[in-house]
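Remarks on the overall topology
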Amino acid sequence: MTRSTFLPRLRSALAAAALCAAGAAAQASVLILGAPALGGGLADVQSKIAGTGVLSGVVDVFNVHTGTPTLAMLTAYDAVLVFSDTNLKNNPAIGGFANAVELGNVLADYVDAGGGVVEAGLSNATIPFGGLSGRFVTANYDVFDIDNRQASCGGLGAIALPGSPMLRGVDSFDGGSSALCFKLSPKAGASVVASWSNGRPLLGYRDDHNGIVASLNLFPESSDVRADLWKTSSDGALLMANTLAFAAGELPEPDSLALLGIAALAAGLAARRRTRQPQHAPHAPHAPHAQHARRG
């Protein structure tokens, strides 16, 4: 995956024209990097994202509680979603990243190579609550500065960028009574897309690196895993899938929609761009085998 600094935005615009012209799903393949504490957590996130039909490529998982992926593993994918679950002070054995520093370093390398990253709770938390570390944080690849945790922020509130493709088809979002959101503020170079009903940022992104980095201030496992998490009757799955497609460069920023006139060119590029087949991420030592889902 060799991409120049301008390619994420260019590919986003071109692919947008192709998608609008052909009505096709985003061709991106994605990897979910999860450190769940609850049984079935990774499979839940995987099935919810794959089930939206937004992504026609593979949706794989890798357990980052038991191992850390290499850059070679990550570059088989167009974007990754990373999340963790645990208060490391209390439960280091049941969740959290195997090595938050190594993971942060490899994610920064992946963004440098043009890959897209979506942070989700609790990866965008402070270290005691299982957040990322390493160069991803120290060199300002992440989207938000963190204050502290709130048990719930409510549901979808004010929308700062109403034309954002990350919100395409998202009519409602209910975080449940334990959404594990945080008091956040955008870093320099980042934009807030939408907020929670209590005013805290829900979704933001930055595109001032080679790859796009987005942040979802929500815990991605659903009420199918635990009743107090985000409600499956709302559009949480679509929110995650759209954001992954955007981070992969497959959906445009609002002002890119004017490029519809190059739809034919975009369709040709989209057909040729994936000359390799996405690989399964090899499982880490003592980790479960990566699970795989494909849409389309």
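1. A look at the packing of aromatic side chains
What the rule picks out here adds up to five aromatic pairs. Judged by centre distance (6.3 Å) and plane angle (40°), the rings of Phe173 and Trp230 are tilted. Highlighted residues: Phe173 in the loop between strand S6 (156-159) and strand S7 (181-186) and Trp230 in the loop between strand S10 (213-216) and helix H6 (236-247), separated in sequence by 57 residues. For the pair formed by Phe173 and Trp230, the shared burial category is buried. Aromatic pair Tyr205 and Phe246: ring centres 5.1 Å apart, planes at 80°, arrangement edge-to-face. Of the two residues, Tyr205 sits in strand S9 (residues 201-206) while Phe246 sits in helix H6, which places them 41 residues apart along the sequence. Each member of the pair Tyr205 and Phe246 is classed as buried. Each residue in the set Phe173, Trp196 and Trp230 is aromatic and connected to the rest through ring pairs, giving one cluster.

2. A look at H6
The end-to-end C-alpha separation of H6 is 17 Å, in line with the 16 Å expected for 12 residues at 1.5 Å each. Buried residues along H6 sit in contact with strand S1 (30-35), helix H2 (41-51), strand S3 (79-84), strand S4 (116-120), S9 and S10. Gly249, located one to two residues past H6, shows a positive phi value of around 85°.

3. Topic: H2
Counting buried positions along H2 yields eight of 11 residues, so the element is predominantly enclosed. Listed as buried for H2 are Gly41, Leu42, Asp44, Val45, Gln46, Lys48, Ile49 and Ala50. The first or second residue beyond H2 is Gly53, which carries a positive phi of 75°.

4. Some thoughts on unusual backbone geometry
In this structure, Asn140 takes a positive phi of about 60° despite not being glycine. One can find Asn140 in the loop between helix H5 (135-138) and strand S5 (144-150).

5. Things to note about the pairing of S4
Counting buried positions along S4 yields five of five residues, so the element is predominantly enclosed. Residues Gly116, Val118 and Ala120 line one face of S4 and the alternating positions Val117 and Glu119 line the opposite face, and both faces are buried. By the bridge criterion, four bridges tie S3 to S4 in an arrangement that is parallel. Of the residues in S4, the one forming a bridge with Leu81 is Val118. Where S4 and S10 come together, four bridges link them in parallel fashion. Within S10, the position partnered with Ala120 by the bridge is Leu216.

6. Examining the confidence of the model for the protein chain
Taken over all residues, the pLDDT of the protein chain has a mean of 75, while the share at 70 or more is 66%. Of all the helices and strands in the protein chain, helix H7 (residues 263-273) carries the lowest mean pLDDT, 37, while helix H3 (residues 71-74) carries the highest, 96. Note that pLDDT drops below 50 for residues 1-23; the model gives that stretch 56 contacts with residues more than four away or on any other chain. Contacts from residues 253-289, a stretch scored under 50 in pLDDT, to residues over four places away or in other chains number 68 contacts.

Conventions adopted
- Residues numbered from 1 in each chain as written.
- Predicted model: local features only at pLDDT ≥ 70, side-chain atom pairs only at ≥ 80, totals over all residues.
- Heavy atoms only, no water.
- Phe/Tyr/Trp six-rings, centres within 6.5 Å; stacked < 30°, edge-to-face > 60°.
- Helix = DSSP H or I, 4+ residues; strand = E, 2+ residues; numbered from the N terminus.
- Buried < 20%, exposed > 50% of the residue type's maximum accessible area, 1.4 Å probe, protein only.
- Expected span 1.5 Å × (residues − 1).
- Contact = heavy atoms within 4.5 Å.
- Pairing = 2+ DSSP bridges.
- pLDDT = per-residue confidence, 0-100.

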